[in-house]
Amino acid sequence: MEILSVFLTPENIQYMLKGALMSVVVAVCSLFFGTILGVLGAAAKMSRNKFIKMLGGVYVQIIRGTPMMLQILFFYLGGPVIWKFLFGRVFTPNPFVVGIIAISINSGAYSTELIRSAIQSIDKGQWEASKALGLTYKQMMKLVILPQSFKRILPPFISEFITLIKDSSLLSSIGAVELLTSAKVLGANYYNYIVPLCMASVVYLVMTMTISYFANKLERRLAESD
Amino acid sequence: MTNEIIKVDGVTKIFKHVKAVDNVSLSIKKGDIVSIIGPSGSGKSTLIRCINGLEIPDSGEIYIDGEKVDFGNDKNLEQMRLKIGFVFQHFNLFPHLTVLENLTLAPINVLGKSEEDAKALAETLLNRVGLLDKKDSYPAQLSGGQKQRVAIARCLCMQPEVFLFDEPTSALDPEMIGEVLDVMQELASEGTTMIIVTHEMGFAKKVSSRVVFMDKGEIVEQGSATDIFDHPQSARLQEFLSKVLRS
Ligand SMILES: Nc1ncnc2c1ncn2[C@@H]1O[C@H](COP(=O)(O)OP(=O)(O)OP(=O)(O)O)[C@@H](O)[C@H]1O
Ligand SMILES: [Mg+2]
C-alpha cells in the first residue's frame, strides 16, 4: 500500500492522464482519417475500372500483410529520408503526426474491407428492386444500400476504435508520450515498473470498457428498429 | 404503330454452360395477360428478367413500346424500366424504410414528384391493396402476403405500362396466397397489361388471355387458357400438366 501512495501523487496522476489523452487523440484521429481512406478504398475495390480496383487490392494486401510496427517505423525513420530526397530539406518528424499518419493508413486498409463487405452483404434483391424502380446507381447507393450497410458497419467500427486505442501504444517506440510511454517514464523514475504498468492497464481498461458499454447500448437501440 | 408493348425477338441467355433462354420470341399487346408456366429451371424467370434488363441477353433484341432496348446504355435502361413494374418472389421491400417511404422513394427520386403528391398517390394505392393502416409500419412487421401487396402497390406508384410478376405467391404460406391473387385479379380486371410467371395453374387459367409454356429455355407451346390446359398438343406440355395437376 505504501508503494501505491508513492506513485499516486497528483503530478504523476496528471502525467499519466495526459498520456491517456494523447492515446485517445491518436485513436480518434486515426479512426477519422482511416474511415476516409476506408471509404475511398472500398469505392476503389468495387470500381468497374480494373486498374483502380487493383490499386485498392494492393493497398489492402500490403497493409494487412505487414506488421503495423514496421509501418510506423517506416514512416518515422524512412519518411525524413524520402522527404529529403523529394524536397532537399531535412526535418525532424513529430512522432504524433507520423504516428497518426501511419496508423490511419493501417486502419484505412481494415476499414476498406469492413465497408466493402458490409455493402456487398446487402441482399442482391435490394439492388434488383432499386434497379427495377428506375433508380440510378448513385441513388441506389445513397437511398437503399448505404443506409442499410451503415447499421452493419457500426459494430465492427467500434471494435476498430478499441483496437486503435490499444495500437496507439506502439507509438511509445518512436518516442511519442502517450499512455504507455508515460507509464514507462514513471517506472524509470522510481525503479519500479510493475505499479505504473498496472496503473496504465487500469486506464486502458476503463477506456475500452467505456467504449464497449456505449457500443452495446447503441447496438441495442439500432436493433430495435429492425 | 400497333399496340404491341413488348416484343422479344430471338433472345438467348446463357449462364456458363446452361442455355437458360434459347432463341425465344414473344409479343405482348396492351391489355394482354400472359401467364408463363413450365417446370423449374425452364428459363421463365430469366426471360422476364431480360425484359427489364436485370439480365442482359447474349443475343436477340427486346423492344419496349416499339423502342429497341440498348442494354449497354444505363440511361436507356433506366428510361425503359419506367414503363415496367417488376414484382419479385421475395418482395424485396426496403427494410430500412416504412411502408409509405417504400412507396414514395422512386416517385420522388426518379419521377421528380413532390412529396405531397407522392404521398397522396401512395395512400390511395395502399388503400386499394387494403393496407392503408400499415403505412407507418416497417416491412419486418408485416406478414408475407402483406409484404407482397405492398410490393405491388410500390410498382403501381410508378404507373408502369406493363407488370412483370415472377412467382409472386411462391414464397407465401398457403393461407396468404389468396389475398395476393385477389389484388392481381383486380389489376387484371382493370385491363392492366401483365406477364405472370406462376405455378398457380388455377389462377393462370382464370385470368390469362394467353398462356405460354416453356421448357428447357424454349417456348414449346402457347395459346388461350383453354388451348393450353384442356387441349395440350405437345407431349412435354401434357406430361408437365399431368404432373402439376396431379399434385
Ligand atoms: N444467375 C445465374 N447464374 C447461373 N445460372 C443461372 C442463373 N440464373 C438462372 N440460372 C440457370 O438458368 C436456368 C433457368 O433458370 P430460371 O431461374 O430462369 O428458371 P425458372 O423457370 O424461373 O425456374 P423456377 O421455376 O425454379 O423459378 C436454370 O438452369 C438455372 O440454374
Ligand atoms: Mg424462377
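Here the structure is shown first, and the text comes after it.
What you are looking at is a predicted structure, and each value in this text was computed from that prediction instead of being measured.

Analysis parameters
- Residues numbered from 1 in each chain as written.
- Chains lettered and ligands numbered in written order.
- Predicted model: local features only at pLDDT ≥ 70, side-chain atom pairs only at ≥ 80, totals over all residues.
- Heavy atoms only, no water.
- Helix = DSSP H or I, 4+ residues; strand = E, 2+ residues; numbered from the N terminus.
- Buried < 20%, exposed > 50% of the residue type's maximum accessible area, 1.4 Å probe, protein only.
- Contact = heavy atoms within 4.5 Å.
- Areas by Shrake-Rupley, 256 points an atom, 1.4 Å probe, with all protein chains shown as cover.
- Lys, Arg positive; Asp, Glu negative; His and termini not counted.
- Charge placed at Lys NZ, Arg CZ, Asp CG, Glu CD.
- Core = buried A, V, L, I, M, F, W, Y, C linked by side-chain atoms within 4.5 Å.
- Salt bridge = Lys/Arg side-chain N within 4 Å of Asp/Glu carboxyl O.
- Near = heavy atom within 4 Å.
- Polar contact = N/O pair within 3.5 Å; in protein donor to acceptor, adjacent residues only side chain to side chain.
- Nonpolar A, V, L, I, M, F, W, Y, C, P; charged D, E, K, R; others polar.
- 1 Å grid on protein atoms, 1.4 Å probe; cavity = no way out; pocket = protein on both sides within 12 Å on 5 of 7 lines; lining within 4 Å.
- Points joined across faces, edges and corners; volume = space filled by probe spheres on them.
- Pairing = 2+ DSSP bridges.
- Axes fitted to C-alpha atoms, helices over the stretch in contact; angles between N-to-C directions.
- Buried area = accessible area lost by both parts, 1.4 Å probe.
- Expected span 1.5 Å × (residues − 1).
- Arc of directions from axis to C-beta.

Participant: Is there a simple way to explain the overall build of chain A in this structure?
Facilitator: Looking only at helices and strands, chain A features nine helices and zero strands. Put simply, chain A runs from its N terminus to its C terminus through helices and strands in the order α-α-α-α-α-α-α-α-α. The buried share of chain A, reckoned over its 226 residues, is 42%. Taking all contacts inside chain A whose residues are at least 6 apart in sequence as the whole, residues at least 24 apart take part in 76%. Within the structure as shown, chain A displays about 12800 Å² of accessible surface, and the carbon and sulfur contribution to it stands at 70%. Averaged over its 20 positive side-chain charges, chain A has a centre that lies 12 Å from the centre of its 11 negative ones.

Participant: Help me understand the nonpolar core in this model?
Facilitator: Side chains of nonpolar character tend, in soluble globular proteins, to be buried together. Core analysis: the biggest nonpolar cluster contains 84 residues, and Ile6, Val8, Ile51 and Ile62 of chain B have the highest contact counts within it. Per-element tally for this core: the top contributor is helix α7 (residues 137–167) of chain A, with 13 residues. Core analysis: the next-biggest nonpolar cluster, separate from the first, contains 36 residues, Leu172, Met176, Leu181 and Ile196 of chain B among them.

Participant: Where do I start with the pattern of salt bridges in this structure?
Facilitator: Oppositely charged side chains can pair when the atoms bearing their charge come close. Under the defined criterion, the tally for this structure stands at 19 salt bridges over all chains. Residues glutamate 61 of chain B and lysine 68 of chain B are paired through a salt bridge, measuring 3.7 Å at the closest nitrogen-oxygen approach. In this structure, glutamate 218 of chain B engages arginine 236 of chain B in a salt bridge whose closest nitrogen and oxygen atoms are separated by 3.6 Å. Highlighted residues: glutamate 218 of chain B in strand β10 (residues 218–223) and arginine 236 of chain B in helix α9 (residues 235–246), separated in sequence by 18 residues. According to the relative accessible area criterion, glutamate 218 of chain B is partly exposed, its value standing at 32%. Given the relative accessible area of 32%, arginine 236 of chain B is considered partly exposed. Each member of the salt-bridge network shares a partner with another, and the members are Lys45, Glu113 and Arg116 of chain A.

Participant: Would you take a moment to explain the site of ligand 1 for this structure?
Facilitator: Residues and elements named next belong to chain B. Taken together, 13 residues lie near ligand 1, and Ser40, Gly41, Lys44, Ser45 and Thr46 sit nearest. Contacts to ligand 1 include serine 42, whose backbone N or O atom sits 3.2 Å from an oxygen atom. Within the contact set of ligand 1, an oxygen atom lies 2.8 Å away from a side-chain nitrogen or oxygen of lysine 44. Taking 630 Å² as the accessible area of ligand 1 by itself, protein coverage stands at 62%. The set of elements that each furnish at least two residues to the shell around ligand 1 consists of β2 (18–29) and α1 (44–51). With three residues, the top contributor of residues to the shell around ligand 1 is α1. Looking at side-chain class alone, the shell around ligand 1 contains four nonpolar, seven polar and two charged residues.

Participant: Looking at this model, I keep getting lost on empty space enclosed by the protein. Mind explaining?
Facilitator: On inspection of all chains with the given rule, the structure shows two cavities of 30 Å³ or more. What the largest cavity holds in volume is close to 100 Å³. Lining the largest cavity we find 15 residues, and of these Ala132 and Leu133 of chain A together with Gly85, Phe86 and Cys155 of chain B sit closest to its centre. Contributions of two or more residues to the lining of the largest cavity are made by α6 (124–132) of chain A together with β6 (84–87) and α5 (144–156) of chain B. Residue contributions to the lining of the largest cavity peak at four residues, all from β6 of chain B. For the lining of the largest cavity, the class distribution of residues is 12 nonpolar, one polar and two charged.

Participant: So what exactly am I meant to see when it comes to the sheet that holds β10 of chain B here?
Facilitator: Residue and element names in this part refer to chain B. The six strands are arranged β6-β7-β8-β3-β9-β10 in an open sheet whose pairing can be described as mixed. A strand with exactly one partner marks an edge of an open sheet, and here the two such strands are β6 and β10. Adjacent strand axes in the sheet meet at a mean angle of 15°, parallel and antiparallel pairs treated alike. Relative to β10, strand β9 (residues 210–215) is paired through five bridges, and the arrangement is antiparallel. Counterpart to phenylalanine 213 in the pairing with β10 is glutamate 221. Across the face of the sheet, α5 comes into contact with β6 and β7 (162–166) while running at roughly 170° to β6. Packing against the sheet, helix α6 (residues 174–189) makes contact with β3 (33–37), β7 and β8 (193–197), and its axis sits at approximately 145° to β8.

Participant: What is the right way to read the interface of chain A and chain B from this model?
Facilitator: When the parts of a complex come together, some accessible area is lost, and that lost area is often taken as the interface size. Listed by partner, the interface residues are 19 residues for chain A and 22 residues for chain B. Summed over both partners, the interface of chain A with chain B comes to about 1800 Å²; 61% of that surface belongs to carbon and sulfur atoms. Scanning the region where chain A abuts chain B turns up two salt bridges. Among the salt bridges present, the one from aspartate 74 of chain B reaches arginine 48 of chain A, with a minimum N-O distance of 3.7 Å. Between chain A and chain B we count six residue pairs in polar contact (both at pLDDT 80 or more) in total. Of all elements in the fold, only α6 and α7 of chain A reach the threshold of two or more residues within the side of chain A that touches chain B.

Participant: How should I be thinking about the layout of surface pockets in this particular structure?
Facilitator: If a probe as big as a water molecule is rolled over the atoms, it shows which places are left empty. In this structure, the largest pocket spans a volume of roughly 920 Å³. Every residue lining the largest pocket is counted, 32 residues in all, and those nearest its centre are Arg48, Trp127, Tyr137, Met140 and Met141 of chain A. When contributions to the lining of the largest pocket are tallied by element, the ones reaching two or more residues are α2 (10–45), α5 (95–120), α6 and α7 of chain A together with α2 (74–81) of chain B. Ranked by the residues each element gives to the lining of the largest pocket, the list is headed by α7 of chain A, at seven residues. For the lining of the largest pocket, a count of residues per class yields 19 nonpolar, five polar and eight charged.

Participant: Please clarify how helix α3 (residues 50–64) of chain A should be interpreted in this entry.
Facilitator: Because each turn of an α-helix spans 3.6 residues, side chains separated by three or four positions end up pointing in the same direction. Residue and element names in this part refer to chain A. Across its 15 residues, α3 extends 21 Å between first and last C-alpha, which sits within 8% of the 21 Å expected from 1.5 Å per residue. For α3, the set of buried residues is Gly56, Val60 and Ile63. Mapping the buried residues of α3 onto a view down its axis gives an arc of 80°, with all of them on the same face. Residues of α3 that are exposed and angled more than 90 degrees away from the buried face: Lys50, Phe51 and Gln61. Contacts made by the buried residues of α3 are with α2, α4 (68–87) and α5. The distance from a side-chain oxygen at the start of α3 to the backbone nitrogen of phenylalanine 51 is 2.9 Å, and the residue carrying that oxygen is asparagine 49.

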